[in-house]
Amino acid sequence: MKISYRSYPHPVLSYFSDDLVKCAFQATVTADTTQSYFRLHVACLLSNRDIRAFIESGRAAYALHIECSATRFRRMTLSQEPNFSYDIPASAVQGVVDVCVIVCATEHIENYKNSHFHADYGETRFSVSKGDVLAVAEDRTFLADNERDQLRRIPSIFEVARTTEPDAAAMDVDLMGNKITIQLRSEDYDRYSSLVPAAHLESVIASLVAVPVLVEAIESIRSSEDADQEYGNYRWYRVIKSKLKSDGIDLASGEFPTTTVALTQKLLDQPVSQALQTIELIAEEE
Amino acid sequence: MGLHILRESALSQLRSNIAGNIAKYSLADSWLNEEFRGSRWSLDTHLELPGHFEFMMPDENSSYDLENSRRLFLALKDLTPVQAADERLWAYLSHTVGWSYMRKRWDVDGFRGSAEKRTQYIRDRYFFMPNRDRALVRNGIARLWTYAYVTYEKQRENPFELTEMLLQKLDIAQQLLERSFSRVPELPRAVMRVVQAYPKNQLDLTDRDQFRDVMRHVNRIGGVTILDMLSGSELEQLIRERTDTLRSRAKASAA
C-alpha cells in the first residue's frame, strides 16, 4: 500500500499537506535479514500532543503496514510504543516490499479536534472511524532478497537461452525475469554450449556475451524513473544493487562514479583484460 | 509423487520462444522432452503432489474451475507465499501435469487474434504476465490455487463454500482479485459472505454492474480507512452499507 498525496475527509498530519501545522510525524524503518525472517525496526517521532494522547489512551496506535505485490502478502501490526519491531517470514515476501508507518484510530472517535489544525478548520470537529488515518509518514520500500531459493538454489544472474524465431537477432536480452536472459540464435547457442566447458575461454565468452547484456541492464536501470519499482521483483536487479552498494554505489541516487562500461567491467571482474590475455596466449601458441 | 519445477534456463528458453513454439501449444501431449533434447529441464523440490492427482477436464457444460481449485489447493495447501509466487512451479505444471487440462481450458487453437496477441495469451496463461500482481490470477494453473487460497475457510462444513461463490462468474473473481485491496487477508472472504447473504431475487451481486458498484465502494473506503484494521465482520458491515442501498434501489425500481 502506498499512501501518496490525497485529501482525507478529516485533517491528517502528513508530509504532503498542512492540515495540521507546527507539528510533524516521522518514522525510520530499518531491516535486519536472517535466513528465516526479515526484522523491521520502526522508530517514530510524533510531535503532536493530541494524537499522542489518543495513542496513550488506546484510542489510536502506531501502525506498520507491509505489502508485497509479488507474493500478495499484506499485513499490519500495531504498537502503543513509538519504537517497535516486526518479523516478516522470509517465506512470505520476495522483491519489492512497500512499507508505510501511520497512526490510525483503533476505535470510533467522535468530535475529533486537534490543537494543531490549520486555522481554516476553525472550530470544526470531525468524526473519525476505526481504521481511519490520523498521521502518515513517508512511504518507503525495501527489497526482500531471499538468500536461499525457496524451492531451489539459483547460482547466477544470467541465463543463456536458445531462440528459434527465424528472424531473431544474433543476440538479444530479456530483463523481465529473475535472471537476465541472453537469447542466442540456434546455431550460436549450440556453439556457445560447446565452448562453455572450456574453462580457459570463460573470460572471452563473458566479454562477448555477458558484457553487452549487463551494459544494457545497467543502462535500463539508470534510465528508469524508479528502478526499485520497475525491477525490484527480479533477483538479478537485487544482486546487482547489492554488489554495487558494497562498492559504495547507490543505484537509487542515480549518480554513478564511472561510465556504464567501466561499471560492467568491475562487476564482472574485468573480463576484457582476462580475455585479451587469453587471446594473447592462444596467439603465442600458434 | 515428488513435484518438479522448471529449471531457470528452461523457463527462460520457453518464454523466449513462445512465438516460435505456438504450433506446439496445439499438440496433444506435452513436448518438453523433445524441446530440450534430453538435457535436464526440471529440478526436484521438497514438495509432493499426490500420485493420483489429476485435473477434471472441462467440457461444453462446465470449466470445472471450482472442482479443480479444490483439488489443486488440497494437494498444495502448504505452499508459502514465496513458493506460490514462483513462475517455475506454475509454468512446469502448465506444461506437464496440467497439459491436457490447459489444452482444453485455455485452448490456443480457438484463440482469435493476431500472432502477437496469441503469443501474449500463451504467456499470460502458461507463464506469468509481466504484471506480477495479476500473474497469479491469470496463469491457468496458479489461478485455481489462488482462488481457493483467498476464500478457503476451514471451519466451514464445506471449506470451499466461498470459493464456489467467487467462481459463480469469472468476472467476479477478476473484479475482486485484480484489485490491490483484495490482498487484505480477510476482505475476499468478507465480500463473498455478503454475496452469499443476498438471495438473487433481492439483489443479484453476481451481476457485473452491481458487483463493480460494490468494488468501487470498497475502493473509496479503502482510500481513507486502513481496511487491514477491520475484522471480518466489520468488513462485511462496511460492504453491506452499499449493498443495502443497492437492494433498496432495486426494490424501489421493481415497485
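Attention here is on the structure that accompanies the text. Since the model is a prediction, treat every value here as computed from it, not as a measurement. (Residues numbered from 1 in each chain as written. Chains lettered and ligands numbered in written order. Predicted model: local features only at pLDDT ≥ 70, side-chain atom pairs only at ≥ 80, totals over all residues. Heavy atoms only, no water.)

**A short note on the nonpolar core**
1) Next: B:Leu6, B:Leu72, B:Leu76, B:Trp90, B:Leu93 and B:Phe127 are the most contacted members of the largest nonpolar core, which totals 51 residues.
2) Next: Element by element, the count of residues in this core is highest for helix α5 (residues 87-95) of chain B, at five residues.
3) Next: With residues near it in sequence (within four places) discarded, B:Leu76 still touches B:Leu3, B:Glu48, B:Leu49, B:Trp90, B:Leu93 and B:Trp145.
4) Next: Among the nonpolar cores identified, the runner-up in size contains 42 residues, and A:Cys44, A:Ile51, A:Val128 and A:Ala137 belong to it. (Core = buried A, V, L, I, M, F, W, Y, C linked by side-chain atoms within 4.5 Å. Buried < 20%, exposed > 50% of the residue type's maximum accessible area, 1.4 Å probe, protein only. Helix = DSSP H or I, 4+ residues; strand = E, 2+ residues; numbered from the N terminus. Contact = heavy atoms within 4.5 Å.)

**As for the sheet that holds strand β2 (residues 25-33) of chain A**
All names here are of chain A.
1) Next: Spatially, β2-β3-β6 is the arrangement adopted by the three strands of the open sheet, whose pairing is antiparallel. Each edge of the sheet is formed by a strand with only one pairing partner; in this case those strands are β2 and β6 (83-89). On average, each strand axis in the sheet is inclined to that of its neighbour by 20°, with strand direction left out of account. (Pairing = 2+ DSSP bridges. Axes fitted to C-alpha atoms, helices over the stretch in contact; angles between N-to-C directions.)

**Quick look at helix α7 (residues 115-126) of chain B**
Residues and elements named next belong to chain B.
1) Next: Relative to the 16 Å expected for 12 residues at 1.5 Å per residue, α7 spans 16 Å between its end C-alpha atoms, a close match to the ideal helical length.
2) Next: Residues Arg 118, Thr 119, Tyr 121, Ile 122, Asp 124, Arg 125 and Tyr 126 constitute the buried set of α7.
3) Next: Packing partners of the buried residues in α7 comprise α5, α6 (99-105), α8 (132-138) and α9 (142-151). (Expected span 1.5 Å × (residues − 1).)

**Some details on the sheet that holds strand β12 (residues 158-163) of chain A**
1) Next: The strand order β12-β14-β13 (chain A) describes an open sheet built from three strands, whose pairing is mixed. Edge positions in the sheet fall to β12 and β13 (171-174) of chain A, since each of these pairs with one other strand and no more. Each strand of the sheet is rotated relative to its neighbour by a mean of 30°, with strand direction disregarded.
2) Next: Pairing of β12(A) with strand β14 (residues 180-185) of chain A involves six bridges; the strand directions are parallel. In the strand pairing of β14(A), A:Val160 is matched with A:Ile182.
3) Next: Against the sheet, helix α2 (residues 186-195) of chain A contacts β12 and β14 of chain A, and its axis sits at roughly 110° relative to β14(A).
4) Next: Set on the sheet, helix α1 (residues 8-16) of chain B makes contact with β12 and β14 of chain A; between it and β12(A) the angle comes to about 45°.

**A look at the environment of A:Thr106**
1) Next: Position of A:Thr106 relative to the elements: it lies in the loop between β7 (95-105) and β8 (109-112).
2) Next: For the pair A:Thr106 and A:Ser129, spaced 23 residues apart in the sequence, the C-alpha separation amounts to 8.2 Å.
3) Next: Dropping the residues within four chain positions of it, A:Thr106 is found in contact with A:Gly58, A:Arg59, A:Ala60, A:Ala61, A:Leu78, A:Lys130 and B:Met229.
4) Next: Within the local environment of A:Thr106, its side chain forms a polar contact with the backbone oxygen of A:Gly58, the two atoms lying 2.7 Å apart. (Polar contact = N/O pair within 3.5 Å; in protein donor to acceptor, adjacent residues only side chain to side chain.)

Treat this as a map of the structure, not an account of what it does.
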